[in-house]
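Chain residues, written in single-letter form:
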Amino acid sequence: MIPRLGVNIDHVATLRQQRDEGYPSIVDAATHALRGGADQITIHLREDRRHIQDTDVQSVHLVTKEFGKPLNLEMGCSDEIAEIAIVSQPEWICLVPEKREEKTTEGGLDVMGEENFTKIKSMMAKLREGISDVKISLFVEADEEVMRKSIELGADAVEIHTGQYAKEFLDNGDTDSHIELYKKAYNVVKDTSVGYHAGHGLSLDSVIPLLQLNIFKEYNIGHWIVSQAVFEGLQPVIQKFCKVFKEHEL
Ligand code: PXP
């Protein structure tokens, strides 16, 4: 099996939101990403609406449906966003922690604290009730206890936060310790039905050592792809990822 590539197009919307001209088009971005070979489109509807807007969720979903591919909607545990998700009926929801002051998602969900555990559990129940056949992933740190809690929550997948690893990779720092944690956490979920996904901060170079591990079934990558697309175009950049992914079939 070739690992799946989810392309996060939030930052096309970031560029659009800088002005009120309606370009670059998020619909065109989704179309180009899927033509380039993306297996799904990922978008994050933040409470502060800094990039993706409510109407984008429906319009991007129309595109993914046309291509027969899933929409992965990232969201915090917010009732307001859950209502929009229920109207939009995405195939996947990825629950993430969300802080208004952060530049981007800074870490995994806290599933260990009792209050947070209960909050996530009830949000998952609400989403499952409102969205038929929805699959839910939890964006979490690679930690064995966190994996056990995610299994207990009934997650369909965990998406491992690779932000720190990606930073170390860019700084020529210690990536090995992160890789060890990814392997250990995988051992907890590998014999369950919980999917093992990865995302945050990854580039065409930093994804390769992770592909070599043969443990992640899906990657969600956005900022680097959209940045590199300035020079190469969205489709060629995504095609490069697809080529590398194919060389690392699971
Ligand atoms: N996965 C999750 C859960 C995220 O929050 C993000 C950022 O929105 C990504 C993947 C993609 O991260 P990046 O844009 O750094 O590639």
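First, a word on scope: everything that follows refers to the structure included in this document.

Procedures and definitions
- Residues numbered from 1 in each chain as written.
- Predicted model: local features only at pLDDT ≥ 70, side-chain atom pairs only at ≥ 80, totals over all residues.
- Heavy atoms only, no water.
- Buried < 20%, exposed > 50% of the residue type's maximum accessible area, 1.4 Å probe, protein only.
- Helix = DSSP H or I, 4+ residues; strand = E, 2+ residues; numbered from the N terminus.
- Arc of directions from axis to C-beta.
- Contact = heavy atoms within 4.5 Å.
- Polar contact = N/O pair within 3.5 Å; in protein donor to acceptor, adjacent residues only side chain to side chain.
- Core = buried A, V, L, I, M, F, W, Y, C linked by side-chain atoms within 4.5 Å.
- Near = heavy atom within 4 Å.
- 1 Å grid on protein atoms, 1.4 Å probe; cavity = no way out; pocket = protein on both sides within 12 Å on 5 of 7 lines; lining within 4 Å.
- Sits in = over half its atoms within 2 Å of the grid points.
- Nonpolar A, V, L, I, M, F, W, Y, C, P; charged D, E, K, R; others polar.
- Points joined across faces, edges and corners; volume = space filled by probe spheres on them.
- Right-handed = clockwise from strand over helix to strand, strands pointing away.
- Pairing = 2+ DSSP bridges.
- Phe/Tyr/Trp six-rings, centres within 6.5 Å; stacked < 30°, edge-to-face > 60°.
- Lys NZ or Arg CZ within 6 Å of the ring centre and 35° of its normal.

Okay, helix α4 (residues 79–88) next. Here α4 has its buried residues at Ile81, Ala82, Ile84, Ala85 and Ser88. Angular distribution of buried residues about the axis of α4 spans 160 degrees; they occupy a single face of the element. Opposite the buried face of α4, by more than 90 degrees, sit the exposed residues Asp79 and Val87. In this structure, the buried side of α4 is in contact with α3 (54–66), β3 (71–75), β4 (92–95) and α5 (114–130). Its side-chain oxygen placed 3.3 Å from the backbone nitrogen of Glu80, Ser78 serves as the N-cap of α4. Phi turns positive, to about 55 degrees, at Gln89, one or two residues after α4.

Another aspect to go through is the nonpolar core. Grouped burial of nonpolar side chains is what soluble globular proteins tend to show. By size, the foremost hydrophobic cluster in this structure holds 76 residues, and its most contacted members are Leu95 and Tyr196. Beyond its immediate stretch of four places on either side in the chain, Tyr196 contacts Met147, Val158, Ile160, Tyr182, Ala185, Tyr186, Val189, Ile215, Phe216, Lys217 and Glu218.

Let's shift gears to the site of the ligand. Close to the ligand lie 13 residues; Glu74, Glu159, Gly201, Gly222 and His223 are nearest. Contact between the ligand and Glu74: an oxygen atom at 3.1 Å from a side-chain N or O atom of the residue. Gly222 places a polar main-chain atom, nitrogen or oxygen, 2.7 Å from an oxygen atom of the ligand. At a threshold of 2 Å from the grid points, most atoms of the ligand map onto the largest pocket. Classifying every residue of the shell around the ligand by side-chain character gives three nonpolar, seven polar and three charged.

With that settled, consider the layout of surface pockets. Reported here for the largest pocket is a volume of approximately 910 Å³. Looking at the lining of the largest pocket, the elements with two or more residues in it are α1 (10–17), β6 (157–161), α7 (163–170), β8 (218–221) and α10 (223–232). For the lining of the largest pocket, the element with the highest residue contribution is α7, accounting for six residues. A per-class count over the lining of the largest pocket returns nine nonpolar, 18 polar and eight charged. Size it by volume and the second largest pocket reaches roughly 240 Å³. As for the second largest pocket, its lining consists of 13 residues, of which Val12, Leu15, Pro24, Val226 and Leu234 are closest to the centre.

Of all five residues in β6, five are buried; the element is thus mostly enclosed. Here β6 shows two buried faces, one formed by Ala157, Glu159 and His161 and the other by Val158 and Ile160. Taking the sense of rotation as the criterion, the β-α-β connection linking strand β5 (residues 135–140), helix α6 (residues 144–152) and β6 turns out right-handed. Pairing of β6 with strand β7 (residues 195–199), which is carried by five bridges, proceeds in the parallel orientation. Paired with Glu159 across the two strands is His197, which belongs to β7.

Tallying each qualifying case throughout the model produces nine aromatic pairs. Measuring from centroid to centroid gives 4.8 Å for Tyr196 and Phe216, while their planes differ by 0 degrees, and the two rings are stacked. With Tyr196 in strand β7 and Phe216 in the loop between α9 (207–213) and β8, the pair connects residues that are 20 residues apart, well separated along the chain. The interplanar angle of 75 degrees and the centroid separation of 6.4 Å between the aromatic rings of Phe241 and Phe245 together place this pair among those described as edge-to-face. Taken together, the residues Phe241 and Phe245, both in helix α11 (residues 234–246) and four residues apart, mark about one turn of the helix. Comparing Phe241 with Phe245, the two get one shared label, buried. By the ring-pair criterion, three or more aromatic residues cluster together here, those being Tyr165, Phe169, Tyr182, Tyr186, Tyr196, Phe216, Tyr219, Trp224, Phe241 and Phe245. Lys149 extends its terminal NZ or CZ atom over the ring of Phe117, reaching a point 5.0 Å from the ring centre.

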